[in-house]
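# A closer look at the structure
Each chain, letter by letter, is given below.
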Amino acid sequence: MDFTLPESALAVQRGVADICSRYDLDYWQRCESDKRWPEEVWAELAKGGWLGLAVPEEYGGGGQGLLELAVATETLSASGAAGGSAFTYVLTPGFGAMTLARHGSARQREELLPRLATGEIETCFALTEPDAGSNALGISTSARRDGGEFVVNGQKIWITGVQRAAWMLLVTRTVPAAEARPRTHGLTVLLVNVPEAVAAGRLSYRPIPKMGANTTPSNTVFIDDLRVPAANVVGEVDQGARVLWDILNPERILLAASALGGAEVALRAAVQYAKEREVFGRPIGANQAVAFPLAQVKAKIELARLMLYKAAWLFDERRPCGTEANIAKLTASQAAWEAADHAFQTHGGMAYSLEYPVARLLADARIGRVAPVTEELLLNHLATQVLGLPRSF
């Protein structure tokens, strides 16, 4: 067994870190406070070719895999962006480029992948619905065939990045959930031209006020009699589950990478403060009550990173990776929360001050334990699918 990252991943790590070194914690705090996209970082990542890592070389990309994309996401997050801002990497390189590279038609790949590789266009992903929640198979957004088009109606929620997206990967039901046999049948993924749909009055969105991660706005999306050409199907009609798994597993892996980077930022902030802050004549880091929880966090970060890289490697090898992706997401999110929580405790009352990054890191870290899938459902997968315990539903 070789635990050394390949040179391709190390090159990504160095390249992204070099760009991010020019943007400090204050920069990311301003982006969060102003609720604005990190335009400067995004532009530099695009210019350096770091957004097109998962795009095949024939379309102008780097021809790399999910492992390199995970390393890029983790590096961006660990630089100071933390979980909320690092999600920018998931929206287009993850949801858009990687999905189309694997499942897009020849026309879709030719038209979109070169522009995704350069950051010229961006994508978003629409699955979650108000009534379905984490039950992805229970969605009700319908796509009815009408000649050479699908007519789509429904509502989505917590859809991030609609404002900037040129294209939306929209998950619909072409067979109602109640009629689908098996339950995974009847899902169809459609590519929706967002600006055209908005201009036609067939797609609208409403931002959701959030406690954190405000560099990337999330929205409720409304779809009314939206016509989508049949040529915009990603994969096959009624067989969208095959596409969906190749979206959801990378999403878990990339968000695990984002969480791990956030954990590193929080741990770094806590350690620095514990070294500098003196009470009763010595640095507070000399107290085991402060030092030991931070040491535990470090151990958990390293353990989660091993599973993160394993899950990404399995995906790139086209092997089953659902369990590993779930474990990586579960452990990384828990490590991020514990890191932020202990950083908050280490800073004491000063953690409430926005002069320090701790409040932002705490808000970002809490997201991972409920989104895009709750901790309980990850544990349910391990209980029923891995341990063989009886299902509760």
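Okay, so let's go over this structure. (Residues numbered from 1 in each chain as written. Predicted model: local features only at pLDDT ≥ 70, side-chain atom pairs only at ≥ 80, totals over all residues. Heavy atoms only, no water.)

### Some points on the nonpolar core
Counting 104 residues, the largest nonpolar core has Val 16, Leu 76, Tyr 89, Phe 125 and Leu 308 as its most contacted members. If one sorts the elements of this core by residue count, helix 8 (residues 240-276) sits on top with 19 residues. Residues contacting Phe 125, with those up to four places away along its chain left out, are Phe 95, Ile 159, Leu 169, Val 171, Leu 244, Ile 247 and Leu 248. (Core = buried A, V, L, I, M, F, W, Y, C linked by side-chain atoms within 4.5 Å. Buried < 20%, exposed > 50% of the residue type's maximum accessible area, 1.4 Å probe, protein only. Helix = DSSP H or I, 4+ residues; strand = E, 2+ residues; numbered from the N terminus. Contact = heavy atoms within 4.5 Å.)

### Here's the deal with the packing of aromatic side chains
For the structure shown, the criterion picks out seven aromatic pairs. With centroids separated by 5.1 Å and ring planes inclined at 85°, the aromatic side chains of Tyr 27 and Trp 28 adopt a geometry described as edge-to-face. Exposure remark for Tyr 27: the relative accessible area of 5% places this residue in the buried category. On the numbers, 6.4 Å between centres and 75° between planes, the contact of Phe 87 with Phe 95 is edge-to-face. With a relative accessible area of 4%, Phe 95 lands in the buried category. By way of ring pairs, the aromatic residues Tyr 23, Tyr 27 and Trp 28 are connected into one cluster. Of note, Arg 102 hangs over the ring of Phe 315, and the distance from its end group to the ring centre comes to 3.8 Å. When the ring centre of Trp 337 is taken as origin, the NZ or CZ atom of Arg 366, which lies over that ring, is 5.4 Å away. (Phe/Tyr/Trp six-rings, centres within 6.5 Å; stacked < 30°, edge-to-face > 60°. Lys NZ or Arg CZ within 6 Å of the ring centre and 35° of its normal.)

### Description of the pattern of salt bridges
Evaluation of the coordinates by the stated rule reveals 19 salt bridges. A salt bridge links Glu 39 to Arg 164, with the shortest nitrogen-to-oxygen separation between them at 2.8 Å. Taken together, the positions of Glu 39 in helix 3 (residues 39-47) and Arg 164 in the loop between strand 3 (149-160) and strand 4 (167-173) put the pair 125 residues apart, joining distant regions of the chain. With a relative accessible area of 29%, Arg 164 lands in the partly exposed category. Across the pair Glu 122 and Arg 164 runs a salt bridge, and its minimum N-O distance is 2.7 Å. One end of the pair, Glu 122, is in the loop between helix 6 (106-117) and strand 1 (123-126); the other, Arg 164, is in the loop between strand 3 and strand 4, and 42 residues separate them in sequence. (Salt bridge = Lys/Arg side-chain N within 4 Å of Asp/Glu carboxyl O.)

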